[in-house]
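Summary of structural features
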Amino acid sequence: MPGPSNESGRAREWALRSARPADVEAIAELRATVMRPDLERLGRFDEHRVRQRLRDSFSSRYTSVIVSDDAFVGCVTVRPAEDGRWLEHFYLAPGVQGRGLGSAVLRTLLERTDADGVPVRLNVLQGSAARRLYERHGFTMEAQDPIDVYMVRRPGAGTDAFGT
């Protein structure tokens, strides 16, 4: 599904493709790169564990790879749950962050879950800049602990971020 991202005047073509089992190591490396600063700030970075947690929970069935300019630039998992969906493992390569791609991908995913009429939940590390992205798209804090903020988005919440 190609989509232009024109936020901030920066057009970028992108597509989602189904993840394959062979993608796990590239995704684990991306996770380690993207999460390292926040995990170090929280005193939780472990070179092995950051990758192994992804490997242990990886499901190619529910994961999409984000491709832009024919290159792997990210991934996202939308896993069914009893009470809606869980958004997990949403990582973008540092070189494409801050250009509207994350918003474009998130908007596409949330339009799908809105069509299904289900809430979406996620957790984000305390102090992570990603929290602002989620809040702009209608997520609100449901609970928190010293490490994580648990957020929920009800169907149709934050549609202003979609330009509707």
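Treat the numbers as computed from the prediction; the structure is a model and nothing was measured.

**So, helix H2 (residues 49-57)**
Of the positions making up H2, those classed as buried are Val50, Arg51 and Leu54. The buried residues of H2 occupy an angular sector of 100 degrees when the element is viewed end-on, so they sit on one face. In this structure, the buried residues of H2 make contact with helix H1 (24-41) and strand S5 (84-92).

**Thoughts on the confidence of the model for the protein chain**
This prediction gives the protein chain a mean pLDDT of 91; 89% of its residues lie at or above 70. Predicted confidence for residues 1-9 stays below pLDDT 50, and this span has 28 contacts to residues more than four positions away or in other chains.

**Details of the packing of aromatic side chains**
Where two aromatic rings form a pair, the distance of their centres and the angle of their planes describe that pair. With the rule as written, the count across this model stands at one aromatic pair. On the numbers, 5.6 Å between centres and 70 degrees between planes, the contact of Tyr134 with Phe139 is edge-to-face. The exposure classification of Tyr134 matches that of Phe139, with both residues buried.

**Brief notes about the pattern of salt bridges**
Evaluated as defined, the whole model comprises 13 salt bridges. Taking the shortest distance from any N to any O, the salt bridge between Glu40 and Arg36 comes out at 2.7 Å. Placement of both Glu40 and Arg36 in helix H1 is noted, with a separation of four residues, approximately one turn of the helix. Judged by its relative accessible area of 42%, Glu40 falls in the partly exposed class. Between Arg85 and Asp116 there is a salt bridge, with the nearest N and O atoms lying 3.0 Å from each other.

**Let's talk about the nonpolar core**
In summary, soluble globular proteins display a tendency toward joint burial of nonpolar side chains. Grouped together as the largest cluster of nonpolar side chains are 23 residues, with contacts concentrated most on Ile66, Leu87, Phe90, Leu101, Val105 and Tyr134. Secondary structure elements with two or more residues in this core: strand S2 (13-18), strand S4 (71-81), S5, helix H3 (101-116), strand S6 (120-125), helix H4 (130-136) and strand S8 (148-153). Among the elements that take part in this core, H3 stands out by supplying six residues, more than any other. Non-local contacts of Val105, meaning those with residues more than four positions away in its chain, are made with Trp14, Leu16, Ile66, Val76 and Phe90. If you look at the next biggest cluster of nonpolar residues, it comprises 16 residues, including Ala32, Leu54, Cys75 and Ile147.

**Quick word on the pairing of S6**
Every regular strand shows the same layout, with side chains that alternate between the two sheet faces. Here S6 lies mainly inside the structure; five of its six residues are buried. Here S5 runs beside S6; their pairing, made up of two bridges, is parallel. The residue of S6 that forms the bridge with Arg85 is Val120. Traced from S5 through H3 to S6, the parallel crossover comes out right-handed.

**Some details on the packing of H1 against H2**
Running from amino to carboxyl end, H1 crosses H2 at an angle of 135 degrees, the nearest separation of the two axes being 8 Å. Considering their axes alone, H1 and H2 lie oblique with respect to each other. Judged by the sense of rotation from one axis to the other, the crossing of H1 with H2 is right-handed. Residues Val24, Glu25, Ile27, Ala28, Glu29, Arg31, Ala32 and Leu39 of H1 form the contact with H2, whose participating residues are Arg49, Val50, Arg51, Arg53, Leu54 and Arg55. Class assignment for the residues of the contact of H1 with H2 results in seven nonpolar, no polar and seven charged.

**Focus: the pairing of S8**
Across the six residues that make up S8, a large majority, five, are buried. Sheet topology places S6 next to S8; six bridges connect them, and they run antiparallel. If you follow Val120 over to S8, its bridge partner there is Arg153. Summarising the sheet, strand S7 (residues 140-144) and S8 pair through four bridges and their orientation is antiparallel. Within S8, the residue paired with Gln144 across the bridge is Val149.

Thresholds applied
Residues numbered from 1 in each chain as written. Predicted model: local features only at pLDDT ≥ 70, side-chain atom pairs only at ≥ 80, totals over all residues. Heavy atoms only, no water. Buried < 20%, exposed > 50% of the residue type's maximum accessible area, 1.4 Å probe, protein only. Helix = DSSP H or I, 4+ residues; strand = E, 2+ residues; numbered from the N terminus. Arc of directions from axis to C-beta. Contact = heavy atoms within 4.5 Å. pLDDT = per-residue confidence, 0-100. Phe/Tyr/Trp six-rings, centres within 6.5 Å; stacked < 30°, edge-to-face > 60°. Salt bridge = Lys/Arg side-chain N within 4 Å of Asp/Glu carboxyl O. Core = buried A, V, L, I, M, F, W, Y, C linked by side-chain atoms within 4.5 Å. Pairing = 2+ DSSP bridges. Right-handed = clockwise from strand over helix to strand, strands pointing away. Axes fitted to C-alpha atoms, helices over the stretch in contact; angles between N-to-C directions. Parallel < 35°, antiparallel > 145°, perpendicular 65-115°, else oblique. Left-handed = near helix turned anticlockwise from the far one by under 90°. Nonpolar A, V, L, I, M, F, W, Y, C, P; charged D, E, K, R; others polar.

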